[in-house]
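Chain residues, written in single-letter form:
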2 protein chains.
Amino acid sequence: MVSDVHIAGVGMTAFGASPERTARDMFAQAAGEAFDDAGIDPDAVEELFYGNFMGEFAEVQGHQGPLMADVVGVSAPSTRIDSACASSGVAVRHGVNRIRGGADVVLVGGSERMKNISTAEGTEALSAAADALWEVKAGVTFPGAYSLMANSYFDEFGGTREDLAHVAVKNHQNALENDLAQFQMAIDVDDVLEAPTVSSPFGLYDCSPMSDGASAALLVSEAFAEEHGLDTDVAITGTGQASDGLALQDRVSIPETPAAVEAGEAAYEDAGITPEDVDVAEVHDCFTIAEVLALESLGFYEPGEAITAAREGETTIDGALPVNLSGGLKAKGHPVGATGGAQISEMTKLLRGDHVNSDAVSDATVGLTHNAGGTVASCAVHVLEVVE
Amino acid sequence: MVSDVHIAGVGMTAFGASPERTARDMFAQAAGEAFDDAGIDPDAVEELFYGNFMGEFAEVQGHQGPLMADVVGVSAPSTRIDSACASSGVAVRHGVNRIRGGADVVLVGGSERMKNISTAEGTEALSAAADALWEVKAGVTFPGAYSLMANSYFDEFGGTREDLAHVAVKNHQNALENDLAQFQMAIDVDDVLEAPTVSSPFGLYDCSPMSDGASAALLVSEAFAEEHGLDTDVAITGTGQASDGLALQDRVSIPETPAAVEAGEAAYEDAGITPEDVDVAEVHDCFTIAEVLALESLGFYEPGEAITAAREGETTIDGALPVNLSGGLKAKGHPVGATGGAQISEMTKLLRGDHVNSDAVSDATVGLTHNAGGTVASCAVHVLEVVE
């Protein structure tokens with residue numbers, strides 16, 4: 001039995017349009033909040049894992065690991081992780097492993113700047129997460145790739161565009177009171193269905209937005225938390241990561257995401273739990289179909305059944321399994337390199353009772369986060385549990 | 001005492017101009033050689049750490065972790081590391097830590113494609129390793145940044161352009177019989193001094209070239225090596241990584257590289273050795289001055305003394321401390337994301353006796369590798385030892 005990794009502090013910027021802020025500026029804020037939340041000084045940090053995906057395109061800035069250590073006052077090995085939109089989820093996993101390997105304090109998180117370039121430039125930059133030789137050359141962008149997944153899903157399991165709309169409506173509803181969310185705006189199914197088409201079957205509201213933002217979490221060992229009398233209420237008890245080929249064309253089944261299955265199974269085994277034990281989940285809803293695929297891959301629903309669950313409201317704040325109480329990528333926003341860390345930040349707050357939606361899940365003790373890169377060629381899953 | 005991490009197999013492509021080859025093609029070759037060398041199948045690999053720096057610029061391809069796992073037949077978590085020119089050295093360190101954390105087989109390495117774009121485009125891409133806001137906007141490129149370091153060194157410690165020339169002459173000499181090297185061509189001090197100026201005090205031969213290439217190493221636990229009767233002659237006994245701010249302007253002293261000092265001290269302590277124990281070293285000579293700074297930072301020479309050592313031949317193949325017997329970045333080539341892994345590949349061969357220059361160091365049992373990113377804002381140092 002490996003030891004728990006305690007979450008001593010979390011932080012994130014409000015997500016949205018902040019074109020005048022740099023990635024470093026935003027990460028400094030998120031990390032600063034995590035330090036304040038934890039009551040730990042930056043000089044205690046022994047390692048930094050930092051997620052960023054499109055810094056080369058948005059800021060012509062690579063090599064962000066040491067840059068971010070420098071701006072947050074950390075003097076320690078610092079590594080930039082690129083796992084596309086799963087960059088900071090993967091950073092969290094490496095942080096967990098580093099604590100388990102003997103470190104006491106590790107900073108994890110990510111930052112992304114997307115709104116200082118045009119939507120077309122941003123879409124092109126995001127395409128670098130797909131296979132440049134076999135997908136992008138054929139014209140694939142991510143709205144297109146996930147459209148293929150949605151249409152294949154409809155073909156194989158049934159379901160309609162209207163069913164998917166419920167995912168977007170729910171996630172916007174969840175974000176209404178979340179001041180960190182990019183969109184605090186209610187929408188209904190008709191709004192989703194009548195929105196301009198992005199890539200059939202997706203309209204505008206089926207797609208997560210371009211966002212600026214950053215996130216951070218301070219992970220500490222059990223021994224460090226005890227020694228310093230830290231009031232850590234939540235620990236990461238399970239971690240899992242898996243990979244798949246980038247190109248959709250090579251998948252056995254387009255509307256399934258085996259990397260999420262593997263990452264989920266690894267995280268469940270690591271935590272010693274089953275999907276039935278999970279009380280609340282934050283999953284990677286970059287497009288409405290992505291939430292459906294995630295819930296099936298993670299074992300909450302059989303293949304083909306999560307779309308019905310969406311339509312029937314099983315994943316709303318009052319449902320059997322509340323999903324994306326933060327607003328998800330759809331409404332909270334999706335600064336890609338920051339998203340996995342933001343899931344940890346929001347889930348930690350939900351479980352310890354200081355999230356705007358905590359009251360609705362006051363009995364929750366087990367949370368799950370699912371962060372995906374590309375068409376789920378990278379996936380990181382974490383189990384968070386309330387600890388006494 | 002942590003356990004040794006055995007190097008079961010290594011591989012690398014010939015470095016040089018291969019503009020018709022993709023990064024994935026080259027990494028498949030390097031990893032394939034490592035699998036063959038080790039006698040291990042790809043499906044034994046539990047994790048892949050892969051270094052790449054400028055894929056976004058050269059191939060518009062990010063998210064290369066799962067891509068590379070896919071092309072080499074690995075089904076395991078795979079993470080792309082960007083630590084600029086230290087990307088695969090840092091990947092090696094994370095691989096070492098992963099083995100120590102409980103994994104049995106980890107693949108590490110990197111790949112870089114640089115020759116399919118123009119030298120001007122490549123120089124611009126490399127600049128993403130510097131501070132975009134405070135250095136690149138002021139016109140800094142890496143030949144310029146290292147020129148500042150060289151001129152500051154001359155000011156503070158003395159030395160001349162001619163002294164530095166000996167570094168280039170030596171490294172070209174070392175590469176003469178190395179078929180994997182980009183340049184198998186002898187040069188003399190006059191050649192270096194008479195070459196076209198790149199950025200004063202550097203002429204063309206003070207600078208490492210743009211290169212295409214890939215490298216890989218299979219790391220295994222001591223238990224796995226024993227259980228499978230693997231003939232591993234070399235182990236990584238020490239690892240260290242450190243970070244510094246990107247921008248030279250913020251350094252206390254321009255001609256010193258504290259991240260290399262810290263990474264070196266961490267690696268020595270980890271291995272339980274001192275600099276005096278090192279028999280042979282591969283250091284990051286992206287420019288001639290960089291080798292001088294590395295040898296001082298690593299404790300082989302006091303500040304200001306390594307330039308004299310270069311002039312007096314102390315680091316030649318017959319010297320007290322042979323440095324860069326592979327030819328170094330200068331003559332072997334410098335496909336940036338592959339360089340750290342290539343140092344491991346070449347050092348492993350040197351120590352186990354199957355490198356073209358092994359005979360000259362037949363008594364060597366301890367080797368050191370030093371891989372730097374940017375103006376040494378990232379640094380990874382490893383100690384390799386012959387094991388029975």
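Note that the coordinates shown come from a computational prediction; the quantities given were computed from them, not determined experimentally. (Residues numbered from 1 in each chain as written. Chains lettered and ligands numbered in written order. Predicted model: local features only at pLDDT ≥ 70, side-chain atom pairs only at ≥ 80, totals over all residues. Heavy atoms only, no water.)

Caption draft 1: Highlighting the packing of aromatic side chains. In the structure shown here, the tally under the stated rule is eight aromatic pairs over all chains. Put simply, the rings of Y146, F202 and F287 of chain A touch in pairs and so form one group of aromatic residues. (Phe/Tyr/Trp six-rings, centres within 6.5 Å; stacked < 30°, edge-to-face > 60°.)

Caption draft 2: Here's a closer look at the layout of surface pockets. By volume, the largest pocket is sized at about 1200 Å³. Residue lining of the largest pocket: 39 residues in total, with N97, R98 and G101 of chain A together with N97 and R98 of chain B positioned closest to the centre. Secondary structure elements with two or more residues in the lining of the largest pocket: α4 (87-100), β8 (234-243) and α10 (258-271) of chain A together with α4 (87-100), β8 (234-243) and α10 (258-271) of chain B. Across the lining of the largest pocket, the residue classes break down as 12 nonpolar, 14 polar and 13 charged. The space that makes up the second largest pocket amounts to roughly 630 Å³. In this structure, the second largest pocket is lined by 29 residues; those nearest its centre are C207, S208, P209, M210 and F287 of chain A. Mapped by element, the contributors of at least two residues to the lining of the second largest pocket are α5 (119-126) and α6 (142-157) of chain A. (1 Å grid on protein atoms, 1.4 Å probe; cavity = no way out; pocket = protein on both sides within 12 Å on 5 of 7 lines; lining within 4 Å. Points joined across faces, edges and corners; volume = space filled by probe spheres on them. Helix = DSSP H or I, 4+ residues; strand = E, 2+ residues; numbered from the N terminus. Nonpolar A, V, L, I, M, F, W, Y, C, P; charged D, E, K, R; others polar.)

Caption draft 3: Examining the pairing of strand β3 (residues 78-82) of chain A more closely. Here β3 of chain A lies mainly inside the structure; five of its five residues are buried. The alternating pattern of β3 of chain A places S78, R80 and D82 of chain A and T79 and I81 of chain A on opposite faces, both of which are buried. Bridge count for strand β2 (residues 47-51) of chain A against β3 of chain A is four bridges, and the pairing is parallel. Residue pairing for β3 of chain A: G51 of chain A is matched across the bridge by I81 of chain A. As paired elements, β3 of chain A and strand β3 (residues 78-82) of chain B share three bridges and run antiparallel to each other. Opposite R80 of chain A, over in β3 of chain B, you have D82 of chain B as the bridge partner. (Buried < 20%, exposed > 50% of the residue type's maximum accessible area, 1.4 Å probe, protein only. Pairing = 2+ DSSP bridges.)

Caption draft 4: Structural context of the pattern of salt bridges. In this structure the tally under the stated criterion is 27 salt bridges over all chains. D25 of chain A is the salt-bridge partner of R21 of chain A, the closest N and O atoms lying 2.9 Å from each other. For R21 of chain A, a relative accessible area of 19% corresponds to the buried category. In this structure, the salt-bridge partner of K170 of chain B is E291 of chain B, at a minimum N-O distance of 2.8 Å. Highlighted residues: K170 of chain B in helix α7 (residues 161-174) and E291 of chain B in helix α11 (residues 288-297), separated in sequence by 121 residues. Each member of the pair, K170 of chain B as well as E291 of chain B, is classed as buried. The network of salt bridges with common partners includes D37, R352 and D354 of chain A. (Salt bridge = Lys/Arg side-chain N within 4 Å of Asp/Glu carboxyl O.)

Caption draft 5: How the structure looks around the relation of the copies chain B and chain A. By a simple turn and slide, chain B fits onto chain A: the slide is 0.0 Å along the axis, the RMSD is 0.0 Å, and the turn is 180°. Taken together, the rotation and translation relating the two chain copies correspond to the operation of a two-fold axis. (Least-squares fit on C-alpha atoms with pLDDT ≥ 70 in both.)

Caption draft 6: The arrangement of the pairing of β8 of chain A in detail. All names here are of chain A. Most of β8 sits inside the fold, with 10 of its 10 residues counted as buried. In the sheet, strand β1 (residues 5-12) pairs with β8 via two bridges, with the strands oriented antiparallel. Looking at the pairing, H6 lines up with A235 of β8. Pairing between β8 and strand β11 (residues 378-386): nine bridges, direction antiparallel.

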